[in-house]
Amino acid sequence: MIEKSHALTSLALISALALAACANGEEDTEDTEDQDQAAAVEEDNGSDDDAADDEDTGGDEDEQIEPSDRPTHEVGGPEPRLAVTYDGGVAVLDGVSLEVLGEFDAEGFVRVNNAGDGRHVFLTEGDSFRLLDAGTWGEPHGDHNHYYTTDPYLSEVTVDGDTPAHVVSHDGIGTLFFDGTGEYHWFDLADLDVESEIETESAETEGPHHGVAVVLEDGSRFETLEDRSGARFLDADGEEIARNEDCPGVHGEAAGPEGILAVGCEDGVLVWDGADFVKLDTGEEFSRIGNLFPAEGSPVFLGDYRTDEDGEEPMTEVALVNAETQEIITTDVGAPYNFRNLQRGPEGEALVLTEDGQLHIIDPETGEHTDHIDVIGEWTEPEEWQDPRPALRASGDLVYVTDPDNQQIHLVDLAEGETIATGELDFVPNEIVVVDGRPVEGVSEDYDGDHDHDHDDEDHDHDHDHEDDDHDHDHDHDDEDHDH
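Just so it is clear, the model here is predicted, and its values are computed rather than measured.

## What about the overall build of the protein chain?
Along its length, the protein chain carries three helices and 36 strands. Put simply, the protein chain has 484 residues, and 61% of those count as buried. Long-range pairs, those at least 24 residues apart, make up 56% of the contacts in the protein chain between residues at least 6 apart in sequence.

Here's what the structure looks like:
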């Protein structure tokens, strides 16, 4: 069931979806794009046979059809989908209508991580990363893309290890990190397929720890250190070429332009600039930046900012870390927030959801608050980090906010400055990621097993290629304080 917050016209949804598709500022090349988006939105909001078929595929994974038997539909543009965890499972939702397209059982406390290819996500389930196909994707075709959808599918494809934690992706390469051994596995994102085991290469850090590793296209690697004092960089042969041990409590990871990688510290941020490490200090004795959020093309990272070493006082300031100017500024948001309440907008805006229910929109260069949007009622962060609390995710101008207390999810249009739709759920939402269906640079245009289409330039509509700007690297927990 969908509740509309006001009399929402199809044009408003078309505008929101089109803005999400153009998040990096590129323009469409076809006059027919709006018509295609309209058809896609009408299909998402309608009750036609295809929608009914999608709903019928939900439920326990044992009831699923074979992946290759799923119907494939060509659509007019990228169609975002959400993966939302709850106690006992995960659901996949349409990113415009907020309708549940499939629900799947999963064991234990389940986490969800964006795989990085615009289509798949990984569930952290027990001692495995388990692959889920959200069922939305794009394929490059010359100077444009073709977009498709199918039913979501939770596979039996896993990568197993001791205490799975971080998932990151760069240069078309995904990397999975296991805290229990310090081992990490990497693979080509183009090879992800719910019908095939994932072929990986692997290496180990200097020892087990709650950390992260990044593998780049040339085979060089970034690793955090076993004692969590910093990080090191290795060449493709595994030879260490740089090390920095001036980042106590190293945590989180984010990528910026021109080969920049950054991790948070308890007194600032450690930046790999592509050639060497640079430490940016906050000037405070304790000022933990545990999670960093990038925006495509921006040298500025948004970070959480905790000054209470005991973790008893709530966070009310956020950090804006400029890797280009090597400055860190902070800005107060006036109310508490937590690690799941930070995201970036289409122009790099810092987005912060606070416990008064407001979505703050902040200029990343100056820290100036440019707008506030009331989204949900007041709430309080639970004591246990695993417990559900409102979570924030963004894709272009579309922002998704979970509301566990009311079993809802809200869709905010940043261009309109308001909530444009609310979806009712039959479960309490916990973690959430969004995949936008856009092809990612470095990922092959071919996906085996799902469809076989003849591409004809005269029969298809065009859409520019956009890189995925939604790096979901904040899905990690700190064994010491669990505040992320």
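## Quick word on the nonpolar core
Core analysis: the largest hydrophobic core is formed by 27 residues, its most contacted members being Val 269, Ile 289, Leu 292, Phe 301, Val 318, Val 321 and Tyr 337. Breaking this core down by element, the ones donating at least two residues are strand E22 (268-272), strand E23 (277-281), strand E24 (292-293), strand E25 (300-305), strand E26 (315-322), strand E27 (327-337) and strand E29 (350-353). The element best represented in this core is E26, accounting for five residues. In this structure, Ile 289 is in contact with His 251, Gly 264, Cys 265, Gly 268, Val 269, Thr 282, Gly 303, Asp 304, Tyr 305, Ala 319, Val 321 and Ile 328, ignoring residues within four places of it in sequence.

## A short note on the pattern of salt bridges
Per the counting criterion, the structure on display carries 17 salt bridges. Its salt-bridge partner being Arg 340, residue Glu 431 comes within 3.2 Å of it at the nearest N-O pair. In this pair, Glu 431 sits in the loop between strand E35 (418-424) and strand E36 (432-435) while Arg 340 sits in the loop between E27 and strand E28 (342-344), placing the two residues 91 residues apart along the sequence. A single burial state applies to Glu 431 and to Arg 340, both of which are buried. What emerges from the salt-bridge pattern is a single network uniting Glu 206, Glu 223, Arg 232, Glu 240, Arg 243 and Glu 245.

## Describing the sheet that holds strand E30 (residues 358-362)
Strands pair in a sheet through their backbones, by hydrogen bonds, and they do so in one of two ways: parallel or antiparallel. Spatially, four strands are ordered E28-E29-E30-E31 in an open sheet, and the strand pairing comes out antiparallel. Only two strands of the sheet have a single neighbouring strand rather than two, namely E28 and strand E31 (369-374). The mean angle between the axes of side-by-side strands here comes to 20°, regardless of whether they run parallel or antiparallel. The sheet contact formed by E29 and E30 spans four bridges and is antiparallel. Bridge pairing in E30 links Ala 350 to Ile 362.

## A look at unusual backbone geometry
Most peptide bonds take the trans form, and the phi angle of most residues other than glycine is negative. Residues other than glycine seldom take positive phi values, yet Arg 228 does so here, at roughly 60°. In this structure, Arg 228 sits in the loop between strand E17 (221-224) and strand E18 (231-234). Taking the relative accessible area as the measure of exposure, Arg 228 reaches 10% and is therefore buried. Phi at Gln 407 is positive, roughly 50°, even though this residue is not glycine. Mapped onto the secondary structure, Gln 407 falls in the loop between strand E33 (398-403) and strand E34 (408-413).

## Observations regarding the pairing of E26
With respect to burial, E26 is a largely interior element, six of its eight residues being buried. Judged from the seven bridges that link them, E26 and E27 form a sheet pairing that is antiparallel. By the bridge assignment, Leu 320 is partnered in E27 with Ile 329. Here E26 hands over to E27 after four residues, with Gln 326 in that stretch at a positive phi of 60°.

## Comments concerning the packing of aromatic side chains
This structure, assessed with the given rule, holds eleven aromatic pairs. Ring centres of Phe 109 and Trp 385 lie 5.5 Å apart, and the angle between their planes is 85°; on these two criteria the pair is classed as edge-to-face. Here the residue Phe 109 occupies a position in the loop between strand E5 (100-105) and strand E6 (111-114), and Trp 385 occupies one in the loop between E31 and strand E32 (392-395), the gap between them amounting to 276 residues. Within the aromatic cluster, the residues linked to one another by ring pairs are Phe 122, Phe 129, Phe 178 and Phe 187. Above the plane of the ring of Trp 137 lies Arg 119, whose end atom (NZ or CZ) is 3.7 Å from the centre.

## Considering the pairing of E22
Burial of E22 is extensive: five of the five residues sit out of reach of the surface. Where strand E21 (residues 261-264) meets E22, four bridges bridge the pair, whose relative direction is antiparallel. Counterpart to Gly 264 in the pairing with E22 is Val 269. Counting the residues that bridge the hairpin from E21 to E22 gives three residues. Pairing analysis gives five bridges linking E22 to E23, with the strands arranged antiparallel. Across the sheet, Val 271 pairs through a bridge with Val 278, a residue of E23. Here E22 folds back onto E23, and the loop between the two strands holds four residues, one of which, Gly 274, carries a positive phi near 100°.

## Remarks on the sheet that holds strand E10 (residues 144-149)
What the three strands build is an open sheet, ordered E2-E10-E9; its pairing is antiparallel. Two strands in the sheet have a free side with no partner beyond their single neighbour: strand E2 (73-75) and strand E9 (136-141). Neighbour-to-neighbour, the strand axes of the sheet open up by a mean angle of 35°, direction not taken into account. Examined bridge by bridge, E9 and E10 share six bridges and lie antiparallel to one another. Looking across to E10, one finds that Gly 138 is bridged to Tyr 147.

## Observations concerning a negative patch on the surface
A cluster of acidic residues, Glu 285, Glu 309, Asp 310, Glu 312 and Glu 313, forms a negative patch at the surface. Inspection of the secondary structure assignment puts Asp 310 in the loop between E25 and E26. With relative accessibility at 62%, the residue Asp 310 sits in the exposed group.

About the thresholds
- Residues numbered from 1 in each chain as written.
- Predicted model: local features only at pLDDT ≥ 70, side-chain atom pairs only at ≥ 80, totals over all residues.
- Heavy atoms only, no water.
- Helix = DSSP H or I, 4+ residues; strand = E, 2+ residues; numbered from the N terminus.
- Buried < 20%, exposed > 50% of the residue type's maximum accessible area, 1.4 Å probe, protein only.
- Contact = heavy atoms within 4.5 Å.
- Core = buried A, V, L, I, M, F, W, Y, C linked by side-chain atoms within 4.5 Å.
- Salt bridge = Lys/Arg side-chain N within 4 Å of Asp/Glu carboxyl O.
- Pairing = 2+ DSSP bridges.
- Axes fitted to C-alpha atoms, helices over the stretch in contact; angles between N-to-C directions.
- Phe/Tyr/Trp six-rings, centres within 6.5 Å; stacked < 30°, edge-to-face > 60°.
- Lys NZ or Arg CZ within 6 Å of the ring centre and 35° of its normal.
- Patch = residues over 30% accessible without salt bridge, like charges linked within 9 Å, V, L, I, M, F, W, Y side chains within 5 Å.
- Areas by Shrake-Rupley, 256 points an atom, 1.4 Å probe, with all protein chains shown as cover.
- Lys, Arg positive; Asp, Glu negative; His and termini not counted.
- Charge placed at Lys NZ, Arg CZ, Asp CG, Glu CD.

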